[in-house]
Amino acid sequence: IEALMKLHRGVGDLFIINAPGEQDTTLENMAKTYAQNLMKLFRKSPQGTRPIHGDTLFYQNDPNFSDLILFYEHFHAETGRGLGASHQTGWSGLIANLINDWI
């Protein structure tokens, strides 16, 4: 995302991405879409659940833990549920930078 933004600063809106089956877009819009989709994994839905917690009711419903954010090693591609180690923040800890930069 950071690299896309750097490229956009260099070439501006003149560089358009032609993605098959999608609307043409700029590098900045592509970066924004990626950032929003990643942040959406950690946000509560209108139903009050977070995709990263999947079907783990303990983290979804318990008032003492529903706002506990874990940074998982991997994520399920379709649901966003956190998979793998939750104690190794790794790259997913970088979501904090996205939130800081995009909100």
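Residues numbered from 1 in each chain as written. Predicted model: local features only at pLDDT ≥ 70, side-chain atom pairs only at ≥ 80, totals over all residues. Heavy atoms only, no water.

(A) Spatial organisation of the overall build of the chain. Looking only at helices and strands, the chain features four helices and four strands. The secondary structure elements of the chain, listed N-terminal to C-terminal, are α-β-β-α-α-β-β-α. Relative to a compact globule of 103 residues, whose C-alpha radius of gyration would be 13 Å, the chain shows 16 Å and is clearly more extended. Its C-alpha atoms give the chain principal-axis dimensions of roughly 50 × 25 × 25 Å. In the chain, which comprises 103 residues, the proportion classed as buried is 27%. Long-range contacts, defined as pairs at least 24 residues apart, comprise 35% of the intrachain contacts of the chain with a sequence gap of at least 6. For the chain, the computed accessible surface area is about 7,200 Å², with 55% contributed by carbon and sulfur atoms. Taken together, the 8 basic and 11 acidic charged side chains of the chain have centroids lying 5 Å from each other. (Helix = DSSP H or I, 4+ residues; strand = E, 2+ residues; numbered from the N terminus. Rg over C-alpha atoms; globule rule 2.2 N^0.38 Å. Buried < 20%, exposed > 50% of the residue type's maximum accessible area, 1.4 Å probe, protein only. Contact = heavy atoms within 4.5 Å. Areas by Shrake-Rupley, 256 points an atom, 1.4 Å probe, with all protein chains shown as cover. Lys, Arg positive; Asp, Glu negative; His and termini not counted. Charge placed at Lys NZ, Arg CZ, Asp CG, Glu CD.)

(B) Broad picture of the pattern of salt bridges. By the definition in use, this model includes four salt bridges. Put simply, K6 and E2 hold a salt bridge, and the shortest N to O gap is 3.4 Å. Note that K6 and E2 are positioned in helix α1 (residues 2–11) at a spacing of four residues, about one turn of the helix. The salt bridge partner of D55 is R81, with a shortest N-O separation of 3.8 Å. In this pair, D55 is assigned in the loop between α2 (27–40) and α3 (57–61) and R81 in the loop between β3 (74–75) and β4 (82–83), connecting sequence segments 26 residues apart. Judged by its relative accessible area of 31%, R81 is partly exposed. In the salt-bridge network here, residues are joined through shared partners; they are K44, R50 and D67. (Salt bridge = Lys/Arg side-chain N within 4 Å of Asp/Glu carboxyl O.)

(C) Looking closely at the packing of aromatic side chains. As enumerated under the stated definition, the model contains five aromatic pairs in all. Centre to centre, the rings of F42 and F75 are 6.0 Å apart; their planes meet at 75 degrees, and the pair counts as edge-to-face. One end of the pair, F42, is in the loop between α2 and α3; the other, F75, is in strand β3, with 33 residues separating them in the sequence. Among the aromatic residues, those joined into a ring-pair cluster are F42, F71 and F75. (Phe/Tyr/Trp six-rings, centres within 6.5 Å; stacked < 30°, edge-to-face > 60°.)

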